[in-house]
Amino acid sequence: MDISQIKSQFPIFRQPTPKGNDFVYLDNAATSQKPQCVIDAITRYYSEEYSTVGRGAYWPASINTARVNEVRSKVKTFLNAASEREIVFTSGTTDGINKVARNFLAPRLTAGDHIIISEAEHHANLIPWQQLCLEKGAELKVIPVLESGVLDESWLASHLNDKVKLLAVSACSNVLGIKNDLNSMISLAHEKGIPVLVDAAQTLCHDRVDVMSLNCDFLLFSAHKMFGPTGVGVLYGKAQCLEQMKPFNYGGGIVKEVTMQGSSFQDLPAKHEAGTANISGILGMGAALDFILSLDEKETAAHLSDLTSYALDRLESIEGLKIMGGKDHKAPLISFTLDGIHPHDISTFLSEEGICVRAGHHCAQPLMHRFQIPASIRASFAVYNDRKDIDRLYEALLKTQSFFL
Ligand SMILES: Cc1ncc(COP(=O)(O)O)c(C=O)c1O
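Conventions adopted
Residues numbered from 1 in each chain as written. Predicted model: local features only at pLDDT ≥ 70, side-chain atom pairs only at ≥ 80, totals over all residues. Heavy atoms only, no water. Patch = residues over 30% accessible without salt bridge, like charges linked within 9 Å, V, L, I, M, F, W, Y side chains within 5 Å. Areas by Shrake-Rupley, 256 points an atom, 1.4 Å probe, with all protein chains shown as cover. Salt bridge = Lys/Arg side-chain N within 4 Å of Asp/Glu carboxyl O. Helix = DSSP H or I, 4+ residues; strand = E, 2+ residues; numbered from the N terminus. Phe/Tyr/Trp six-rings, centres within 6.5 Å; stacked < 30°, edge-to-face > 60°. Buried < 20%, exposed > 50% of the residue type's maximum accessible area, 1.4 Å probe, protein only. Lys NZ or Arg CZ within 6 Å of the ring centre and 35° of its normal. Core = buried A, V, L, I, M, F, W, Y, C linked by side-chain atoms within 4.5 Å. Domains from an automatic or database assignment. Contact = heavy atoms within 4.5 Å. Near = heavy atom within 4 Å. Polar contact = N/O pair within 3.5 Å; in protein donor to acceptor, adjacent residues only side chain to side chain. Nonpolar A, V, L, I, M, F, W, Y, C, P; charged D, E, K, R; others polar. Buried area = accessible area lost by both parts, 1.4 Å probe. Pairing = 2+ DSSP bridges. Axes fitted to C-alpha atoms, helices over the stretch in contact; angles between N-to-C directions. Lys, Arg positive; Asp, Glu negative; His and termini not counted. Expected span 1.5 Å × (residues − 1).

## Description of a nonpolar patch on the surface
Together, Phe403, Phe404 and Leu405 make up an exposed nonpolar region whose accessible area comes to about 340 Å². Structurally, Leu405 is set in the segment after helix H14 (387–404).

Dropping the structure here:
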């Protein structure tokens, strides 16, 4: 795989850092950089063919309406959904989870019911359920994370019962980088007739997901973590689930007939997409999918796996560096601490070296409590990273240690 050719498609890497050194971007789990094709799709929309969609009979509106429909179709194929009706555009993963919480689960949740999540969830897949439980007098049950970072599946098996109204888990932890065994968890939940929501925010940038074979009921992702723009994402839902839900928002674009007394609503997916869409975002997301599909899936996986193993080996050789969780089922994402130096100091020091990593609790405070640390450093890789980036990180961490200790 020609990484330098891939990297050359990302104009940001041609910019020097403020200190004049090469830019090493290792915060891909937060958000990834954008290839030229994504930037071009957005620029073309605003500079050459700007219009609304779904509402005008004039040519740019028809072109853009067709393009937005095409993106929906691409997402459908990408996820292997049964139909375009199951693909709803949202502003991102957080938005999608909140929509399922408010419109799917809230009407069927009563006092004493349970919602199961895991201890490793991002706040986006925790707080909507927690607040719903508080409102309804329901209970949030939490799958413990083992020392290895793997979810305790035996706990799950013993807590799935009639009271559980939803299992909501991430496909991959944004802190530990450990991929969960979704097939097994979904089968366990479905045996008891419990619907399952999958937070795939950390997955689709490096792994493909087939929603039909996975058989999840909902799946969410954000385009900005997979080379696309911010503020746009997808809520996949099985048609029968989306049909049962009232429109997420009320307003224009979702109606058949409106009188002062009442309104009738369109079929899926329009029913759930009131208001003017994030058209530039959707077009950018379409270009991002094209970019991902232009890469050889197996080569990408092999490259990311090589980078992750290489990074684990190099990082582990640093005295006082502790990696969170085990090495199995690992996404290209490593969280660690360095004895005696606060993660924020490390990340500030690395920034001076032109290296971007994330420091903090990664919007997963309960997981930090579980591992009894306030914060960690997270280095996460995308297809444009190479071994030289890891070497730069390694050298800079040694320099950080000699500066602080
Ligand atoms: C696992 C996980 N879920 C949800 C989110 C929220 O994504 P967004 O902010 O794009 O809605 C993130 C973002 O970091 C994440 O890593």
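Next comes the rest of the write-up.
## Some thoughts on the packing of aromatic side chains
Summed over all chains, the structure comprises 17 aromatic pairs. Ring geometry for Phe10 versus Phe13: centroids 6.3 Å apart, planes at 55°, classification tilted. You can call Phe13 buried: its relative accessible area is 15%. A ring pair is formed by Phe10 and Tyr384, whose centres lie 4.7 Å apart and whose planes are at 65°; its orientation type is edge-to-face. With Phe10 in the loop between helix H1 (3–7) and strand S1 (24–25) and Tyr384 in the loop between strand S15 (376–380) and H14, this residue pair connects regions lying 374 residues apart in the sequence. This pair shows no difference in class: Phe10 is buried, exactly as Tyr384 is. Members of the aromatic cluster, each reached through a chain of ring pairs, are Phe10, Phe13, Phe23, Tyr25, Phe227, Phe291 and Tyr384. Between Arg108 and the ring centre of Phe104, over which it is positioned, the NZ or CZ distance is 3.9 Å.

## So, the nonpolar core
Ranked by internal contacts, the top residues of the largest apolar core, which has 73 residues, are Leu79 and Leu219. Here this core spans two domains, and each of domain 1 (3–30 + 296–404) and domain 2 (40–293) adds at least three residues to it. Those residues in contact with Leu219 that lie beyond four places of it in its chain are Leu79, Val198, Ala200, Leu204, Val209, Val211, Leu214, Val234, Leu235 and Tyr236. Membership of the second largest hydrophobic core comes to 28 residues, among which are Phe104, Cys133, Leu166 and Met245.

## Regarding the pattern of salt bridges
In the structure shown here, the tally under the stated rule is 22 salt bridges. Two residues, Asp290 and Lys74, come together in a salt bridge whose shortest N-O distance is 3.0 Å. Here Lys74 lies in helix H3 (residues 59–79) and Asp290 lies in helix H10 (residues 279–294), a separation of 216 residues in the sequence. With its nearest N and O atoms 3.0 Å apart, the salt bridge here joins Lys179 to Asp207. Remark: Asp207 occurs in the loop between strand S6 (196–199) and helix H8 (211–214) and Lys179 occurs in the loop between strand S5 (164–170) and helix H7 (182–191); sequence separation between them is 28 residues. What makes Lys179 partly exposed here is its relative accessible area of 30%. Because the salt bridges share partners, they merge into one network encompassing Arg85, Glu243 and Asp267.

## Focus on the site of the ligand
The local shell around the ligand consists of Thr93, Thr94, His122, Ala124, Asn174, Asp199, Ala201, Gln202, Ser222, His224 and Lys225. Between His122 and the ligand, the recorded distance is 3.3 Å, taken from a side-chain N or O atom to an oxygen atom. At a separation of 2.8 Å, an oxygen atom of the ligand approaches a polar side-chain atom of His224. Coverage of the ligand by the protein amounts to 85% of the 390 Å² it exposes when considered alone. Considered class by class, the residues forming the shell around the ligand number two nonpolar, seven polar and two charged.

## Describing the domain arrangement of the chain
Accessible area lost on assembly of the parts is the figure often given for the size of an interface. Entries for the chain in the domain assignment read domain 1 (3–30 + 296–404) and domain 2 (40–293). Placing a centre on the C-alpha atoms of domain 1 and another on those of domain 2 gives a separation of 28 Å. Every contact between the two is made by 31 residues of domain 1 and, on the other side, 26 residues of domain 2. Of the roughly 2,400 Å² buried where domain 1 meets domain 2, counting both sides, 59% is carbon and sulfur surface. Across the domain 1-domain 2 interface, the total number found is two salt bridges. Where Arg370 meets Glu147, a salt bridge forms, and the shortest distance between an N and an O atom there is 3.1 Å. In this structure, the connection of domain 1 to domain 2 is made through 16 residue pairs in polar contact (both at pLDDT 80 or more). The set of elements that each furnish at least two residues to the side of domain 1 that touches domain 2 consists of helix H11 (297–316), strand S12 (333–338) and helix H13 (365–370). For the side of domain 1 that touches domain 2, the leading source of residues is H13, giving five residues. For the side of domain 1 that touches domain 2, the class distribution of residues is 18 nonpolar, eight polar and five charged.

## Some remarks on the sheet that holds strand S11 (residues 321–323)
Spatially, the four strands line up as an open sheet ordered S11-S12-S15-S14, and their pairing is antiparallel. Edge positions in the sheet fall to S11 and strand S14 (358–360), since each has one partner strand and no second. The mean inter-strand angle of the sheet, taken between neighbouring strand axes irrespective of direction, is 30°.

## Section: the side chain of Lys34
In this structure, Lys34 sits in the loop between S1 and helix H2 (36–47). Buried charge without a salt bridge: Lys34, with Asp27 as the nearest opposite-charge side chain at an N-O distance of 11 Å. From its side chain, Lys34 meets the backbone oxygen of Ser32 in a polar contact 2.5 Å long. In contact with Lys34, other than residues within four places in its own chain, are Gln9, Phe10, Pro11, Ile39, His224, Phe227 and Gly228.

## Looking at H14
Counted at 1.5 Å a residue, the expected span for H14 with its 18 residues is 26 Å, and the 26 Å between its end C-alpha atoms agrees. Looking at H14, one finds that the buried residues are Asp389, Ile390, Leu393, Tyr394, Ala396, Leu397, Thr400 and Gln401.

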